[in-house]
Amino acid sequence: MPIRSMTGFGLAEFAASSGTYRVEIRGVNNRYQDVQIRLPKFAMNLEAKVKKELAAIVSRGSISVFVSCDRGEVDDVKLTWDKSVVDNYLRILNEVKDYGKLAGDIRLSDLLRFSDLIKSESVTHSEDALWKHMRPAVTAAVSAFQDARETEGAQLVRELKKILKDITKTLQQIEKRAPERVREYSAALSARIEKLISSQPDPQRLATEVAMMAERLDITEEITRLRAHIEKFSADFDSDEPVGKRMGFLLQEMNREANTIGSKANDTEIAHKAVVLKENIEKIREQIQNIE
């Protein structure tokens, strides 16, 4: 399953005997699943069925569904006639004809003068029939909604990959700079000691001090963990399940490692690059707000 954005739009129409149905679906990001549905009054009982269609494909996000129905061009009225009423009119007309000794036949036009001979009845559809009419529009709108979410999801993935590439590049620069920082510290410490005591410092004591400082400044573990988080984050691009929440958790760990690198830097260049790391991590945070 491709990465999907929580933002999307889907629209579809379907003409049936009960009307022409128009279904519009809009989605925005939300930590949870929130589905709001507006239906025509005559179809209010179908809300659970519409919600079920969406629940099958959406795990979280705010989804608004608007269903309308144009019933103006459909035959929802049926004309009918009552046999007992016709029989009564014929009987009465024949009695009048016999009583008055009138000539001529009783014609259809004579019967049609009576307004209650033909009646109109509204056609009613069962809940199952209405759902059969509405569902094609719902299904098509859901499909369009999914396509839109996947298209935006693909754009998000491209942007995320670009940012992750920048983070990896910055990590490489930090990793390259880290050993130089220790050598510079060793040289600076040796110069200060020599200046204070006007002689060469004890090599063993100097080495011990440099080793202790190197251990305090070591960021190897942080870089290793940050790389592991990046690999896991990238692997989720091909996941078969929604990954937005997991990406959020991974991002917290990535930010923690970047903060530690910055706090242990004791070096202007690395500190600046740690800021770049956090800026890019924040860019990712903004992007994944829309990932399901």
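A brief structural summary.

A look at helix 6 (residues 220-235)
So, step 1. Its 16 residues place the ends of helix 6 23 Å apart at the C-alpha level, agreeing with the 22 Å of an ideal helix rising 1.5 Å per residue.
So, step 2. Of the residues making up helix 6, those classed as buried are E222, I223, L226, H229, I230 and F233. Taken around the axis of helix 6, the buried residues stretch over an arc of 125°, which confines them to a single face. Residues E221 and E231 are exposed on helix 6 and point more than 90 degrees away from its buried face.

A closer look at the sheet that holds strand 2 (residues 19-28)
So, step 1. Spatial strand order, 1-2-4-3: four strands in an open sheet with mixed pairing. Bordering the open sheet on either side are strand 1 (8-16) and strand 3 (33-38), each of which pairs with just one other strand. Adjacent strand axes in the sheet meet at a mean angle of 15°, parallel and antiparallel pairs treated alike.
So, step 2. Sheet topology places strand 1 next to strand 2; nine bridges connect them, and they run antiparallel.

Description of the pattern of salt bridges
So, step 1. For the structure on display, the rule yields 20 salt bridges.
So, step 2. Residues E222 and R225 are paired through a salt bridge, measuring 3.8 Å at the closest nitrogen-oxygen approach. Highlighted residues: E222 and R225, both in helix 6, separated by three residues, approximately one helical turn.
So, step 3. Residues participating in the shared-partner salt-bridge network are E221, E222, R225, E257 and K264.

A word on a nonpolar patch on the surface
So, step 1. There is a patch of nonpolar side chains on the surface, built from W81, L108, L112 and I118 and spanning about 450 Å² of accessible area.
So, step 2. Exposure remark for L112: the relative accessible area of 47% places this residue in the partly exposed category.

What about the nonpolar core?
So, step 1. In terms of nonpolar packing, the biggest core is built from 31 residues, with I167, F233, M254, I261 and I284 touching the most fellow members.
So, step 2. For this core, the elements supplying multiple residues, two or more each, are helix 4 (127-197), helix 6, helix 7 (244-263) and helix 8 (268-288).
So, step 3. Sort the elements by how many residues they give to this core and helix 4 lands first, with nine residues.
So, step 4. Core analysis: the second largest hydrophobic core is formed by 25 residues, V23, I25, A137 and A141 among them.

Thoughts on helix 7
Spacing of three or four residues puts side chains on the same side of an α-helix, whose turn is 3.6 residues.
So, step 1. For helix 7, built from 20 residues, the straight-helix expectation of 28 Å at 1.5 Å per residue is met to within 8% by its first-to-last C-alpha distance of 29 Å.
So, step 2. Three or more residues of helix 7 are buried, namely G244, M247, L250, L251, M254, E257, A258 and I261. One side of helix 7 holds all its buried residues, which, seen down the axis, span an arc of 125°. Projecting away from the buried face of helix 7 at angles above 90 degrees are the exposed residues F249 and S263.

Topic: the side chain of H229
So, step 1. Along the chain, H229 falls in helix 6.
So, step 2. By relative accessible area, H229 is classed as buried at 15%.
So, step 3. Not counting residues up to four positions away in its chain, the partners in contact with H229 are L250, E253, M254 and E257.

With respect to the pairing of strand 4 (residues 61-70)
So, step 1. Bridge analysis of strand 2 against strand 4 gives nine bridges, and the strand direction is antiparallel. Residue pairing for strand 4: R26 is matched across the bridge by S64.
So, step 2. Running through helix 1 (residues 47-55), the crossover from strand 3 to the neighbouring parallel element strand 4 is left-handed.

Observations concerning the packing of aromatic side chains
So, step 1. Counted according to the given criterion, the structure contains one aromatic pair.
So, step 2. Geometrically, the ring pair formed by F233 and F237 is edge-to-face, given 5.9 Å between the ring centres and 90° between the ring planes. No difference in accessibility class separates F233 from F237, as the two residues are buried.

Some remarks on the environment of R227
So, step 1. Within the secondary structure, R227 is located in helix 6.
So, step 2. A relative accessible area of 26% means that R227 is categorised as partly exposed.
So, step 3. Spatially, the C-alpha atoms of R227 and M254 are 8.8 Å apart, while their sequence positions differ by 27 residues.
So, step 4. Beyond its immediate stretch of four places on either side in the chain, R227 contacts L171, Q172 and E175.

Cut-offs and rules
Residues numbered from 1 in each chain as written. Predicted model: local features only at pLDDT ≥ 70, side-chain atom pairs only at ≥ 80, totals over all residues. Heavy atoms only, no water. Helix = DSSP H or I, 4+ residues; strand = E, 2+ residues; numbered from the N terminus. Expected span 1.5 Å × (residues − 1). Buried < 20%, exposed > 50% of the residue type's maximum accessible area, 1.4 Å probe, protein only. Arc of directions from axis to C-beta. Pairing = 2+ DSSP bridges. Axes fitted to C-alpha atoms, helices over the stretch in contact; angles between N-to-C directions. Salt bridge = Lys/Arg side-chain N within 4 Å of Asp/Glu carboxyl O. Patch = residues over 30% accessible without salt bridge, like charges linked within 9 Å, V, L, I, M, F, W, Y side chains within 5 Å. Areas by Shrake-Rupley, 256 points an atom, 1.4 Å probe, with all protein chains shown as cover. Core = buried A, V, L, I, M, F, W, Y, C linked by side-chain atoms within 4.5 Å. Contact = heavy atoms within 4.5 Å. Right-handed = clockwise from strand over helix to strand, strands pointing away. Phe/Tyr/Trp six-rings, centres within 6.5 Å; stacked < 30°, edge-to-face > 60°.

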